[in-house]
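Here is what each chain is made of, one letter per residue.
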Amino acid sequence: MYASEEDWREVDAYFVDTLVPEDEALIEARESGRRTTMPQAEVAPNQGKLLAMLCHIAGATRVLEFGTLAGYSTVWLARAVGEKGRVTSLELEEHNAAIARMNLERAGVADRVDVLVGPAADSAHRLIEDGAEPYDFVFIDADKPSNPEYLRAALALTHPGSVIVIDNVVRNGAVTDPDSPDDRVQGVRTVLADIAQDARLEATALQTVGSKGWDGFTIIRRAH
Ligand code: DHB
Ligand code: MG
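Not measured: the values here are computed from a predicted model.

A. Layout of the packing of helix 7 (residues 147–156) against helix 8 (residues 183–196). Running from N to C, helix 7 and helix 8 point in directions that differ by 35 degrees, and their axes come no closer than 8 Å. Contact with helix 7, carried on its side by Asn 147, Pro 148, Leu 151 and Arg 152, involves Gly 187, Val 188, Thr 190, Val 191, Asp 194 and Ile 195 of helix 8 and no other residues of that element. Residue composition of the contact of helix 7 with helix 8, grouped by class: five nonpolar, three polar and two charged.

And the structure:
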């Protein structure tokens, strides 16, 4: 018997109620996602906390994020790195970045976050050219066709031991179709193939169900 999406949502609500309290700032960041150019694309609360916990486990104090939107995951990441940490978050749209900056202010973490506006690949290449100090944790959650380019940039901006997480790798199951005409599917398939053939990288992928439907993450550890 397969559970329904409603069941997945109920279980997520129970887990979140039990284990993942959100303060006003997180609630507002999540709800203001509706005013961005990609409503409701932010991670679920229990996923945001997973990102924060991975940062804690990895001892991350420098985080790079591809795709800010309203800054919901950014707030989780910025709190995880602590007062002395830094988060750099890359966002295409000034409209979204303005919403994110307000949410970061409200969350009390604006002073430790830089939201860089413009195509994320351009911003990332500028960080590389400027010799940015390596990041300990990278969250790739922007336009999916660019995943392979974002991973290449992430590898130029990390060190052995860094952790990289890529969101939305299931594409409603279409990820298994090598002939998919969907360039988002191909962006996921190509980045997974790139990861698999890169001897520096140890990786797995997990399917998730819950308030965000059926989706999943790839989790990568840069060993060398
Ligand atoms: C999409 C992108 C996301 O980052 C997400 O979390 C959900 C959906 C999308 O491109 O449809
Ligand atoms: Mg996403």
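B. Focus on the site of ligand 1. As a matter of local geometry, ligand 1 sits amid Met 38, Ala 41, Asp 141, Lys 144, Asp 167, Asn 168 and Arg 171. At 2.7 Å from an oxygen atom of ligand 1 is found a main-chain nitrogen or oxygen belonging to Ala 41. In this structure, Asp 167 approaches ligand 1 through a side-chain N or O atom, which is 3.3 Å from an oxygen atom. Calculation on ligand 1 without its partners gives an accessible area of 290 Å², and the protein chains cover 73% of this total. Looking at the shell around ligand 1 residue by residue, the class counts come to two nonpolar, one polar and four charged.

C. Expanded view of unusual backbone geometry. For Leu 69, which is not glycine, the phi dihedral falls at a positive 50 degrees. Looking at the secondary structure, you find Leu 69 in the loop between strand 1 (62–66) and helix 4 (72–81). A positive phi is found at Asn 172, a non-glycine position, where the angle reads about 55 degrees. Among the structural elements, Asn 172 can be located in the loop between strand 5 (158–167) and helix 8.

D. Inspection of the nonpolar core at higher detail. Among the nonpolar cores identified, the biggest contains 31 residues, and Val 63, Leu 77, Phe 137, Phe 139 and Val 165 are the most heavily contacted of them. Among the elements of the structure, helix 2 (24–32), helix 3 (45–58), helix 4, helix 5 (94–106), strand 3 (113–117), strand 4 (135–140) and strand 5 are those that each provide at least two residues to this core. Considering each element in turn, this core owes the most residues, seven residues, to helix 4. If sequence neighbours within four positions are ignored, Leu 77 has contacts with Leu 51, Cys 55, Val 63, Glu 65, Val 87, Phe 137 and Phe 139. Core analysis: the second largest hydrophobic core is formed by 26 residues, Tyr 135, Ile 140, Ile 195 and Leu 201 among them.

E. Fine view of the environment of Gly 210. Turning to its location among the elements, Gly 210 is positioned in strand 6 (residues 201–210). Between the alpha carbons of Gly 210 and Ala 13 there is a distance of 8.6 Å; along the sequence they are 197 residues apart. Ignoring anything within four residues of it in the chain, the contact list for Gly 210 reads Trp 8, Arg 9 and Asp 12.

F. Expanded view of the coordination of the magnesium ion (ligand 2). For the magnesium ion (ligand 2), the protein coordination sphere consists of Asp 141 (OD), Asp 167 (OD) and Asn 168 (OD1), at 1.9 to 2.1 Å. When the donor residues of the magnesium ion (ligand 2) are listed from N- to C-terminus, their spacing reads D-x25-D-N. Separated by 26 residues along the polypeptide, Asp 141 in the loop between strand 4 and helix 7 and Asp 167 in strand 5 bring together distant segments of the chain. The pair formed by Asp 141 and Asp 167 is uniform in burial state, with each residue classed as buried.

Cut-offs and rules
Position numbers for residues start from 1 in each chain and track the written sequence from start to end. Both sets of labels track the order of writing: A upward for chains, 1 upward for ligands. Given that the model is predicted, a residue must reach a pLDDT of at least 70 before its local features are reported, and side-chain atom pairs must reach 80 or more before they are shown or counted; all residues, however, enter totals for whole chains, interfaces and linings. Remark: hydrogens and water are excluded; side-chain values derive from all non-hydrogen atoms of the structure. Axis definition: a line fit to C-alpha positions, over the contact stretch in the case of helices; interaxial angles, taken between N-to-C directions, run 0 to 180 degrees. Here a helix means four or more residues in a row that DSSP labels H or I, a strand means two or more in a row labelled E, and each is numbered from the N terminus. We call two residues contacting when some pair of their heavy atoms lies within 4.5 Å. Residue polarity is assigned by list, with Asp, Glu, Lys and Arg as charged and Ala, Val, Leu, Ile, Met, Phe, Trp, Tyr, Cys and Pro as nonpolar; anything else, Gly included, falls into the polar class. We call a residue near a molecule or strand whenever a single non-hydrogen atom of that residue lies within 4 Å of it. Identification of polar contacts relies on pairs of N or O atoms within 3.5 Å, with a donor-acceptor requirement for protein atoms, meaning one able to donate a hydrogen and the other able to accept it, and with residues adjacent in sequence counted only if both atoms are side-chain atoms. Only the protein chains shown count as covering a residue, and every accessible area follows the Shrake-Rupley method with a 1.4 Å probe. In this description, a nonpolar core means a group of buried Ala, Val, Leu, Ile, Met, Phe, Trp, Tyr and Cys residues linked to one another through side-chain atoms lying within 4.5 Å. Whether a residue is buried, partly exposed or exposed follows from its accessible area with a 1.4 Å probe, protein chains only, as a fraction of its type maximum: under 20%, in between, or over 50%, in that order. Excluding water, the donors of a metal are its N, O and S neighbours within 2.8 Å, or within 3.2 Å for Na, K and Ca, and that exclusion means sites may look incomplete.

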